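Each chain, letter by letter, is given below.
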Amino acid sequence: MNKNKVIRLIYPQWQGGDIAKWIPEIENPDDASRGYFLGAQLLDFLVPNKGQETLTVPVSMDIKRKIQNGVLDRDIIASQTETAVNMLQSVDPDKIVVLGGECSVSVAPFTYLARKYNGDVAMVWLDAHPDITLPGDVYAGYHAMAVTACMGYGDEKIVSVLPARFGPSKILLVGLHDWERDEIKERQKQYGIKHLAPEDVAENSDAVKDWLKTCGASKVVVHFDMDVLDPAEIIAAVGTIPGGMKISGVVRVINDIAEEKEIVGLTIAEPMPRTAIRIKNMLSQLPLLME
């Protein structure tokens, strides 16, 4: 039996984002909304494939934008989350590479891994935002609720299918520099979740290593939201908040985590291929290609 089974999970969920207004160069808002779907496909092409078993979570492409109990497209997300959990439990991987999709694609695999290792898992979340909103907040996009969902907070229909939850002492936010609203900053303080700003890890990963020594877990899952990257160097996501992390810094931090602890889950999320979407729309108008 393979005791170190690694799978590659393609999880092109897009419904958690409400982002069309932030991508005005894409004329059709539906194309912008579903941009994460194409982003996941491009990640699958770009990320080196070491021959791992590959699973793809089926995701609806229908546009049915509806807020239910404070969550945009709640029923669709709940169904897709349950499907993802069932797929993982059936295959029973030891480690997971997740290619998304918006931020919430980490929720099912990370809570699956927390359950598999009986809570001996810490979570490092590289993101410009803390992703700790809740149903009923001003913004109804579920991708901004991903960390709170991993903690077991949020819409009952969604969180009830999750295999486990993370306590705040086992969560570290890295690269955080945009809370968006004061109440989110206060909520983070109330939860007791620690964070490191981009400048805290700009020169080295010592602060991350220090936290790992006290996190109380031997294994780690890492979420890499591409909006943590400095837009002055690269624009790879929807968010373009100045002052993010450099590419080299992100690579260093994740590799340094791997030297300190066993990484059992790695997510790459929130890719928004703006140019590719526009090229796709252009090509769809050409003769013969429409037939």
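Quick caveat, the model's predicted, so the values are computed rather than measured.

### As for the packing of helix H3 (residues 74–91) against helix H4 (residues 107–116)
The axes of two packed helices give the description: the angle between them and the distance between them.
Item 1. Contact geometry for H3 and H4: axes closest at 9 Å, N-to-C directions at 40 degrees. Judged on the interaxial angle alone, H4 and H3 are oblique. The interaxial crossing formed by H3 with H4 has right-handed handedness. Along the contact surface, H3 presents Thr 81, Ala 84, Val 85, Leu 88 and Gln 89, while H4 presents Ala 108, Pro 109 and Tyr 112.

### Concerning the pattern of salt bridges
Item 1. Tallying each qualifying case throughout the model produces 18 salt bridges.
Item 2. Measuring nitrogen to oxygen at the nearest pair gives 3.0 Å for the salt bridge that ties Asp 155 to Arg 74. One end of the pair, Asp 155, is in the loop between helix H5 (146–150) and helix H6 (156–159); the other, Arg 74, is in helix H3, and 81 residues separate them in sequence. Accessibility assignment for this pair places Asp 155 and Arg 74 in one class, buried.
Item 3. The salt bridge involving Arg 181 is made with Glu 183; its shortest N-O contact spans 3.0 Å.
Item 4. Among the residues examined, Glu 183 registers a relative accessible area of 39% and is labelled partly exposed.

### A short note on the pairing of strand E9 (residues 219–225)
Item 1. Among the seven residues that make up E9, seven are buried, leaving the element largely enclosed by the rest of the structure.
Item 2. Burial along E9 is two-sided: Lys 219, Val 221, His 223 and Asp 225 and Val 220, Val 222 and Phe 224, pointing in opposite directions, are all buried.
Item 3. For strand E6 (residues 121–126) and E9, the ladder comprises six bridges, and the chain directions are parallel. Among the inter-strand pairings, Met 123 is bridged to a residue of E9, identified as Val 221.

Conventions we followed
Residues numbered from 1 in each chain as written. Predicted model: local features only at pLDDT ≥ 70, side-chain atom pairs only at ≥ 80, totals over all residues. Heavy atoms only, no water. Axes fitted to C-alpha atoms, helices over the stretch in contact; angles between N-to-C directions. Helix = DSSP H or I, 4+ residues; strand = E, 2+ residues; numbered from the N terminus. Parallel < 35°, antiparallel > 145°, perpendicular 65-115°, else oblique. Left-handed = near helix turned anticlockwise from the far one by under 90°. Contact = heavy atoms within 4.5 Å. Salt bridge = Lys/Arg side-chain N within 4 Å of Asp/Glu carboxyl O. Buried < 20%, exposed > 50% of the residue type's maximum accessible area, 1.4 Å probe, protein only. Pairing = 2+ DSSP bridges.

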